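This is what each chain is made of:
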Amino acid sequence: MIFCIFSFNRGQFLENCIRSIESCAPGHPITIFDDNSDDPETIRVLENYSKTHDVIRPDQNAKSRHHLGGLYGNMQLAFEKFRHADLVCYLQDDTQMVRKLGDDDFAKIEHAFTAEPSLAFISPCFIRGINFTKNAQYSYNSGLGLYFKESTPRSSGAYFSALLIMKPQRLVSAKWTFSHSEPENNKVAAKAFTLMGYLHAPFAMWLPEVPAYRGKKKTIGLKLAEKKRNCGYYPFALMSEQESTSLKHRDSHKLPIAEDFLRCDGFEPPKPWAYNPLANTGWLKPLNQLEVSVRRLLK
C-alpha cells in the first residue's frame, strides 16, 4: 500500500503522522504532498523527511489541471501519480495511524474490493463519537467485513471521505476526477459507486481538538472557540498487540467508535472529541460565520 499525506502548515502534526506510518506500516512507501507551506517548523520537517520519503509540492507538476494546490487539488495530483498502483491510502497531517497493520488487514481490504466491484472507497478511520451521538446509522455487511453509513440528503461521508483507501484503476475506469469540496465529491461518488465502506478494524484517525492550521486567517469567533475547546496537540498512543487483537475479534454489533478504543498519549480532551474548533461552541459559530460574510463583502 502507498501512503499519501497531505500537509498544510502543521509541522508537529505532520511529523507525528509520518512516524506513525513508519511504525505501523514499515516498508510501505510514503509520499508527502505539501500545499506550499511557509511555516518554518513545517519546512524543517519536510526537509528532514525528504531524505527518506518523496515530498511533492503542487508547482512541481504544472501539467496537472489541479497544480495550484489545495487539499482536493493535491488529492488529484496524487491520484494522477499513483493511478497504476494497487492500493493507495490518503491521510492528512492532522491524522495518524494507531496500530500495526498485518497481512490479515491487507487480505480483508483486498477481499472487500474483489467481492464488491462497485466499491470505490474504504475509510481507514474509526467512527467519530460526536457524529454517532447525532444518530448516524451504520449497518454491517459480514460478507464484505465493512460497515456502511446510511445515506441521507444531508449526510456526508456516506460515499466519500478525504481520508480513504482506494484502488486507483477502479477510479480510472469510472473517469473519476476529484472535485473541490467533500460534498461535491460525495455527490459524484454517489452516482458512480456504492456506499463507502468503513473497516471493521480501522487503523487511523483524526487527532482530536486540532487548531486551525498555521497561517490561516482566523476570525474572532474561531480564536475564541479554539480557546474554549482547549485546542492543541493530542496524539494517540499506539494500540498494543492485545488491544489490536481485541479490536479485530470483537462482535460486529459494537461499532468502532474512536472514544471506545483509542487514548491520547498524555493529556486527553473531554469526550466526545471534536474535530472542528467551532463544534458545540454556541454563539461562537454564528459569530464566525458573520465575520466570514463581512470579509467577503469587503473584498
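Residues numbered from 1 in each chain as written. Predicted model: local features only at pLDDT ≥ 70, side-chain atom pairs only at ≥ 80, totals over all residues. Heavy atoms only, no water.

**Observations regarding the packing of helix H8 (residues 220-228) against helix H11 (residues 284-298)**
- Between H8 and H11, the shortest axis-to-axis distance is 7 Å and the interhelical angle comes to 150°. Here H11 runs roughly antiparallel to H8, going by the angle between their axes. Residue-level contacts link Ile220, Gly221, Leu222, Leu224, Ala225 and Lys228 of H8 to Leu284, Leu287, Asn288 and Glu291 of H11.
- Here the contact of H8 with H11 is built from residues that sort into six nonpolar, two polar and two charged. (Axes fitted to C-alpha atoms, helices over the stretch in contact; angles between N-to-C directions. Helix = DSSP H or I, 4+ residues; strand = E, 2+ residues; numbered from the N terminus. Parallel < 35°, antiparallel > 145°, perpendicular 65-115°, else oblique. Contact = heavy atoms within 4.5 Å. Nonpolar A, V, L, I, M, F, W, Y, C, P; charged D, E, K, R; others polar.)

**What to know about the pattern of salt bridges**
- The final tally for this structure, using the stated rule, is 16 salt bridges.
- For Arg57, the salt bridge goes to Asp34, with nearest N and O atoms at 3.3 Å. One end of the pair, Arg57, is in the loop between strand S3 (54-56) and helix H3 (71-81); the other, Asp34, is in strand S2 (residues 30-34), and 23 residues separate them in sequence.
- Judged by its relative accessible area of 0%, Asp34 falls in the buried class.
- Two residues, Lys167 and Asp86, come together in a salt bridge whose shortest N-O distance is 2.4 Å. Taken as a pair, Lys167 in the loop between strand S9 (164-166) and helix H6 (168-173) and Asp86 in the loop between H3 and strand S4 (88-92) lie far apart in primary sequence, 81 residues in all.
- Using a relative accessible area of 15% as the deciding quantity, one classes Lys167 as buried. (Salt bridge = Lys/Arg side-chain N within 4 Å of Asp/Glu carboxyl O. Buried < 20%, exposed > 50% of the residue type's maximum accessible area, 1.4 Å probe, protein only.)

**Some details on a nonpolar patch on the surface**
- On the surface, Leu290, Val294, Leu297 and Leu298 cluster together to form a nonpolar patch covering roughly 460 Å² of accessible area.
- One can find Leu298 in helix H11.
- The class of Leu298 is exposed, set by a relative accessible area of 70%. (Patch = residues over 30% accessible without salt bridge, like charges linked within 9 Å, V, L, I, M, F, W, Y side chains within 5 Å. Areas by Shrake-Rupley, 256 points an atom, 1.4 Å probe, with all protein chains shown as cover.)

**Some details on the confidence of the model for the protein**
- Looking at the protein, the pLDDT average stands at 92 and 92% of residues meet or exceed 70.
- Below pLDDT 50 for its whole length, residues 60-67 participates in 15 contacts with residues either more than four positions away or in separate chains. (pLDDT = per-residue confidence, 0-100.)

**Describing the nonpolar core**
- The biggest cluster of nonpolar side chains holds 92 residues, and the ones touching the most others in it are Phe3, Met75, Tyr90, Phe121, Ile165 and Phe203.
- Those residues in contact with Phe121, other than ones at most four positions away along the chain, are Phe113, Tyr159, Phe160, Leu164, Ile165, Met166, Leu171, Trp176, Ala189, Phe193, Met196 and Gly197.
- Counting residues in hydrophobic clusters, the runner-up holds five residues, among them Ala212, Leu222, Ala225 and Leu278. (Core = buried A, V, L, I, M, F, W, Y, C linked by side-chain atoms within 4.5 Å.)

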